[in-house]
Every structure is written in structure tokens, then in C-alpha cells.
Amino acid sequence: MLSIRNLKVSIKGKEILKGINLEVKAGEVHAIMGPNGTGKSTLAYVIAGREGYEVTEGEIIFKGRNILDLSPEERACEGLFLGFQYPVEIPGVSITNFLRTAINEQRKYKGLDPVPAVEFLAKMEEKKQLLELQEKLASRSVNEGFSGGEKKKNEIFQMAMLEPSLAILDETDSGLDIDALRIVATGVNKLRRPDNATIVITHYQRLLEYIIPDVVHVLFDGRIVKSGGKELALLLEEKGYEWIRSES
Amino acid sequence: MEKNQNNILEEVTTSDYKYGFHTDIEMDLAAVGLSEDTVRFISAKKNEPEWMLEFRLQSYRHWLTLTEPTWAHIHHQAIKYQDIIYYAAPKRKKELTSLDEVDPELLETFKKLGISLDEQKKLSGVAVDAVIDSVSVKTTFTDTLSKYGVIFCSFSDAVQNHPDLVKQYMGSVVPSHDNFFAALNSAVFSDGSFCYIPKGVRCPVELSTYFRINAANTGQFERTLIIADEGAYVSYMEGCTAPMRDENQLHAAIVEIVAMKDAEVKYSTVQNWYPGNKKGEGGIYNFVTKRGICKGSHSKISWTQVETGSAITWKYPSVVLMGDNSIGEFYSVAVTNNFQQADTGSKMIHLGKNTKSTIISKGISAGQSNNSYRGLVKVIKRAENARNFSQCDSLLLGDKCGAHTFPYIKAENHTSIIEHEATTSKISDDQLFYCKQRGISSESAIGLIVNGYAKEVLMHLPMEFAVEAQKLLAISLEGSVG
């Protein structure tokens, strides 16, 4: 699904990622953990193609293709989804309109006709129920006036609607109360399929009580310094990041 | 990798005007320039009665004493009033009785504009008075409307057939001496629409008029008069596109609305005249005086406009709130791109007690354009409990354009409540990236964000207009946003 090889990234000449290697297979859930400022969000943005990041070395192979030359929208159309740490407000644009536009642009990319309205609305309904979301969500403007929890749930809802091959969830758990956390986690679990994969970025072990990862990576100072099973997360929780610092 | 935003913005300027075509139809032209003879020529062409000619001549003589206003935040080369042809009418071969007899080329023009003059309009419930250059070509649904006593015809026909109404109301809202351009229009106006809704009648269809500037070097001077008698209601739509032209064309229209007691008039405009090319050459100069008067108590006038065209827009649809408890509304989206200049806004003049007004203005500037909001809220001494709420938002695309706000407030009654809110924002990189990450291209994202921004105004447009307006916003900013 995704393989990142020796990825080095700088922002304004300062090296942030110093040689990342990562292999994610279809059907897997990976967790990337690490203290603040170690490059977790940078990694997510670079995979998604945000500008302002200079890739100095390495490659990102997604579904067998190096995507570094693709625009963010092309990557999205190829099946890449980023759940934002800070979802952006788009005043006056309803979630329905936003998602229909997104789905139709993705369909256009694949040479498909726009989705019929009835089919689209039925899908909205189905996914809303799956995620136990309130009825009114769809008519509200994208993230405008949303609470932190609502924004994150909305990210998961978009993920459910867009059905990506690979979803990267950047600190989706931050700012969530326990109920919201559970809804988000349940959503991710329900959307899990043998043909898709998820990367969960977090710095608390808490989320991983609900989303059981196949692999846990510890990102520290621009490198993945440790990888292991879900027990690694527990070990981290117990020993703290100081432990990594002393080991690396 | 993704293009940076400024590059994308510059691409906007490369998108060409999509309505630039020109129909070759034999024209009946006045001589170039303006004099009393020109005024007489126009009046004679239209076979006008003496009082009409007199109105024109007085206006012309007054115009001679005026100078162009210079207070607007616009810059342009001097308009050469003597180089303009003041009258152009498609030559009629004979009286037309059905659509089949209309010049096929003319019909083709309408087709390109997406205007159907045929029975489809009936199904969609729209009566159309189509104006090409100066003469109304065809009016439909007059029969249906006349059953309700509604008069909807060209201004020229109204002069011939309803002289008393015209005499009573013409110039009663916008006097010929109101301003330079109003005086000019009053002297040389070619044609336009006339609409009268009798007492207690709710006009059963949306009335719509398409104006179109078609002949080279021809100014267009329409004049529209709408009268809603006591308890009447009408929704009126005006839509414009004009073909491409190299020279600047002057356009100075007048719209007058009279709302009697308990009457309501809703006036919607989508204006998409040729804005000039990306270097700022050509384009329409649009100097318009639009004003309504809420004459009776509990009357209401509502202006909604979507302005995407013209090289220069100078336009302040206003409401004089004379009747007690009357309501004035102004909803506007003005888009400027490339080198377009817009100085637009509204005036709400509170004369009566408990009068209310709302102004919602959304400016969108891109390219190297300048977009100004200019508004006046005036409350006179006897206007107890007058209320106004104004909101003026500016959205900037790129860093070479300008947005300006000139709000004037004059309150002479201490019981009045006047609120003014203003914001300036940009489409952020975060918003663009968020959209793109969902697979939405830069262009669609800009269309989406801009339409979201303008939603408060667009929702006041009649349905068929709203769809067109949304497309227009996206087209006008094509290449500029994602």
C-alpha cells in the first residue's frame, strides 16, 4: 500500500525528517507515536503533498507509484486521505455540498460520471448511521462553529464518505472527550477493510485502547527509532518518552 | 507539486470572457455625438408625444450644466461623449407577430446566452421582455399578465399606451437633475421596461428582462420603471451579458421603483457585461442610478445584485423609506478581477417612523482590481425608531488587488439604532489545501469557497438566477482559486 524509503524533508533549510522508512500493507493499522515537534505532522503533510516542504531525498511509493510528483488533489484522487489535526472552517459551504464536490471531482479523475443525487444522499445517510452522527450535521457549513469533537467526527465522516485506500489520521484524538474518542475509534474500526489501511498519529496511548494497531512506530527527532507490536505503546505509556530519548 | 497560490491567481487573469460574440444585424443608427438634434432624432424615431420630447430636452439642457462626478474610487480615461452613438435599433423589416418572424441571427444570439424566448419560458413561469440594444424585440406573456391587470411592456410602448402612468411616475424617484448620468439618461434613454402591478395583485410570474449591448460604439441607456400599487407584489429579474468589444462602452441606466402602501418589490440583478481583457483594455463603463421609494406604510423594496462584469461599475441601488414601517433591503455580491473597478453600495434614507433597512455587501477582489463599498444610511429627525444593520465583507484573492469601504452614517434622531459590521478576509492556504486534500482542484475549491462566502446574498435570488449566479462567480474567478 505505502512504502516510504529514506525520506528526508526540510522546511526552509532545516531538516525535519532525517530518513524515514515505513512499510504499510493493505488491511493494516499503524500507529505513529512520539513527543511533540519530532516530525509526525510533517510526515503526514508530506505524504499528502502540502507545499512548503522540501523533499531532499527518498521516495513515497503509494499503490506501486511514486507520488512525490503528484499534486495534493491527485494524491487524494488516488485514494489518500488525511484527517486533519486542525480541521479548517469553510464558511457557507455545507458538508453535503463539500462532499458531493469532492466525490465528483474524484470520480471525474477516474473517468466516472457524477454520482446521482439519490445515491449520494443514501450514502450520506448510511455513513451517518454507521458513525452515530446527528442528523443536522450535513446541512451545517464545513467545520464552522464546530466544537473540537464535532470537527474530528466530521473528519471521520468525510473519510467514511470518500472511502480512501489509505487514511492518515493526524492527532485525531487530541481535544476529544472520552465519548467522542469512542465514536471516532468505532468509526475507524468499522471502516477497516482488508483492502484499506490506516495510519494513526498520536502522542497518547489512550486512542490505542480503542483502535488496536498492528504496528506501533516511535518517531523521534525525525527518525523512526523503534517499531513493534501494540505492546510498544503500553511500554511507552509506562516509561515515557524519556526512555526513548535515553535509548536513542 | 502544487502550484503556489499567486501563480494560480495569475491564471485567473488568463481566462477569457465567455460571452464575447457579436451579432451582425442591420442597425438603425443615430449620427455620432450628442446635441439637441440627437435628442429630437431619438424622440422622433420613437414617435414620442410632445411632453416626452420636452422631458428629454430639459434633461439635456440640464446635463450641459453638469460635470462628471469625481468622488468615486475609480479611474478611467475621459469619456468622449461626442464620440458615442446615442441610438441604435435593429432594423425591423415588418411588424412581428410570432417568434418565427424574429431575425434568426438574433435568436441565435439569445440561444448562446441561454435565453429562450419560446414556450419553455411559459413552463418555467417567466415572462421575458428581451431588449437588444435599444428596442424591445419581443414581449411574451403579455396576455397572461393582462388578465391580472399587470402591465409589463417596453418603456416606449408605455409612453404610447399608458402615458398617464409614465407622466405621473417617471422622474419621481430619480429626477432628471439627480446626477450627471441620470440627466444624460433622461435626455437620450432608448428603451427599457415598464411594469405596473395594480392594487392587491400578486404578480403570478417572475418578470425578467435581458439587456444586451450589441452594437459597436453604442451607448446603452435603458430606463426602467416599476410601480407596485397598494398591496401588490412583484419579483423582477434583470440579467445581462454583453459581447466582446475593444472600445469602452458607456452604459448609464436608470431604474425607478415605486412601492405604495403594503406593496412589495423584489428586484434582482445578475450583471455580467464585458469586463475588459486581462490587460484592462475595453470593457463596459457602467454608471447606473437605481432607486426605489417605499411611498406607503408597510411597503418593502429589496435589491439583490450579483455584479461580475463591466470594467467600471458605479452603482448604488437605494431605498427612500418614506412610509412608516417600511423596509429597505440591499444584498450585493460584487466581483472584480484583472483591472476591473467597482464602486458600489447602497443608500438607505429613513424618512418614516419605524423604518428598517438591511445592507449586506460582499466584495470579492482578484487580479489587480479595486472593489469599493460606498454606502449611506441617513435617518432624519422625524424618523423615530429607525433601524439599520449593515454588513460589509471583503474577500481578497492574491496580493495585488484592493478592497475599500466608505460607509457614511447620518443620524438625526436619537431613537435610531444603526449597526455596521465589516470584515476583510483572504482565502487561506489552509482552506485551499484542505479542499485539495479531498480531491477538489484549485479552481473548484475557489468556486466553492467564494460561493460559500456569498451565500448570504445568493440565497435571496430567485432560484433560476441563483444557479446562474453561482456559475458566474466561478467563471469570473476561473483560474484564480482552487
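These numbers come from a predicted model, not from an experiment.

## Some remarks on the confidence of the model for chain B
Residue and element names in this part refer to chain B.
Here's step 1: On average, chain B scores 81 in pLDDT, and the residues at 70 or more come to 77%.
Here's step 2: Contacts from residues 133-138, a stretch scored under 50 in pLDDT, to residues over four places away or in other chains number 36 contacts.
Here's step 3: Confidence drops under a pLDDT of 50 for residues 211-218, and excluding neighbours within four residues, the segment shows 52 contacts in the predicted structure.
Here's step 4: Across the interface, the model reports ipTM at 0.95; the global pTM reads 0.80.

## Here we look at the pattern of salt bridges
Here's step 1: A full pass over the atoms with the stated rule returns 30 salt bridges over all chains.
Here's step 2: Between Glu456 of chain B and Lys362 of chain B there is a salt bridge, and its shortest N-O distance comes to 3.1 Å. On the criterion of sequence distance, the pair formed by Glu456 of chain B in helix H12 (residues 455-458) and Lys362 of chain B in strand S20 (residues 356-365) is long-range, its members being 94 residues apart.
Here's step 3: Through salt bridges with shared partners, one network takes in Lys123, Glu126, Lys127 and Glu163 of chain A.

## Section: the environment of Glu171 of chain A
All names here are of chain A.
Here's step 1: With respect to the helices and strands, Glu171 occurs in the loop between strand S9 (166-170) and helix H6 (178-191).
Here's step 2: By relative accessible area, which is 4% here, Glu171 ends up buried.
Here's step 3: With 88 residues separating them along the chain, Glu171 and Gly83 place their C-alpha atoms 8.3 Å apart.
Here's step 4: Setting aside residues no more than four positions away along its own chain, Glu171 makes contact with Lys40, Gln85, Lys152, Ile201, Thr202 and His203.

## Focus: empty space enclosed by the protein
Residue and element names in this part refer to chain B.
Here's step 1: Under the counting rule described, the total for this entry stands at five cavities of 30 Å³ or more.
Here's step 2: Of all the elements in the fold, those that place two or more residues in the lining of the largest cavity are strand S17 (327-336), S20, strand S21 (370-379), strand S22 (387-396) and strand S23 (402-411).
Here's step 3: The dominant element in the lining of the largest cavity, judged by the number of residues it contributes, is S20, at five residues.
Here's step 4: Of the residues contributing to the lining of the largest cavity, the split by class is six nonpolar, eleven polar and two charged.
Here's step 5: Reported here for the second largest cavity is a volume of approximately 90 Å³.
Here's step 6: The wall of the second largest cavity is formed by 15 residues, among which Glu238, His251, Ala253, Trp273 and Lys290 lie closest to the centre.
Here's step 7: Elements with a minimum of two residues in the lining of the second largest cavity: strand S11 (254-259), strand S12 (264-272) and strand S13 (284-294).
Here's step 8: Ranked by the residues each element gives to the lining of the second largest cavity, the list is headed by S13, at three residues.
Here's step 9: In the lining of the second largest cavity, the residues fall into six nonpolar, five polar and four charged.

## Things to note about the sheet that holds strand S4 (residues 54-62) of chain A
All names here are of chain A.
Here's step 1: What the four strands build is an open sheet, ordered S2-S1-S4-S5; its pairing is antiparallel. Looking along the sheet, the strands with just one partner apiece sit at the ends: strand S2 (14-24) and strand S5 (65-66).
Here's step 2: Where S4 lies against S5, two bridges are found, and the strand directions are antiparallel. In the sheet register, Ile61 faces S5, and the bridge partner there is Asn66.
Here's step 3: Strands strand S1 (2-11), S2 and S4 of the sheet are contacted by helix H1 (residues 40-48), whose axis makes an angle of about 110 degrees with S1.

## Thoughts on the packing of aromatic side chains
Here's step 1: Following the criterion strictly, the structure yields 23 aromatic pairs over all chains and no others.
Here's step 2: Taking the centre distance of 5.8 Å and the plane angle of 15 degrees together, the rings of Phe98 of chain A and Tyr434 of chain B count as stacked. A residue pair is termed interchain when its members come from two chains, as with Phe98 of chain A in helix H3 (residues 95-109) and Tyr434 of chain B in helix H10 (residues 429-437).
Here's step 3: Put simply, the rings of Tyr60, Trp63, Trp71, Tyr81, Phe180, Phe181, Tyr285, Phe287, Trp314 and Tyr316 of chain B pair up and form one aromatic cluster.
Here's step 4: Lying across the ring of Phe189 of chain B, Arg223 of chain B places its NZ or CZ 5.4 Å from the centre.
Here's step 5: Sitting over the ring of Tyr453 of chain B, Lys362 of chain B keeps its end group 4.9 Å from the ring centre.

## Comments concerning H10 of chain B
Here's step 1: Summarising burial for H10 of chain B: seven of the nine residues are buried, a large majority.
Here's step 2: Residues Gln431, Leu432, Phe433, Tyr434, Cys435, Lys436 and Gln437 of chain B constitute the buried set of H10 of chain B.

About the criteria used
- Residues numbered from 1 in each chain as written.
- Chains lettered and ligands numbered in written order.
- Predicted model: local features only at pLDDT ≥ 70, side-chain atom pairs only at ≥ 80, totals over all residues.
- Heavy atoms only, no water.
- pLDDT = per-residue confidence, 0-100.
- Contact = heavy atoms within 4.5 Å.
- Salt bridge = Lys/Arg side-chain N within 4 Å of Asp/Glu carboxyl O.
- Helix = DSSP H or I, 4+ residues; strand = E, 2+ residues; numbered from the N terminus.
- Buried < 20%, exposed > 50% of the residue type's maximum accessible area, 1.4 Å probe, protein only.
- 1 Å grid on protein atoms, 1.4 Å probe; cavity = no way out; pocket = protein on both sides within 12 Å on 5 of 7 lines; lining within 4 Å.
- Points joined across faces, edges and corners; volume = space filled by probe spheres on them.
- Nonpolar A, V, L, I, M, F, W, Y, C, P; charged D, E, K, R; others polar.
- Pairing = 2+ DSSP bridges.
- Axes fitted to C-alpha atoms, helices over the stretch in contact; angles between N-to-C directions.
- Phe/Tyr/Trp six-rings, centres within 6.5 Å; stacked < 30°, edge-to-face > 60°.
- Lys NZ or Arg CZ within 6 Å of the ring centre and 35° of its normal.

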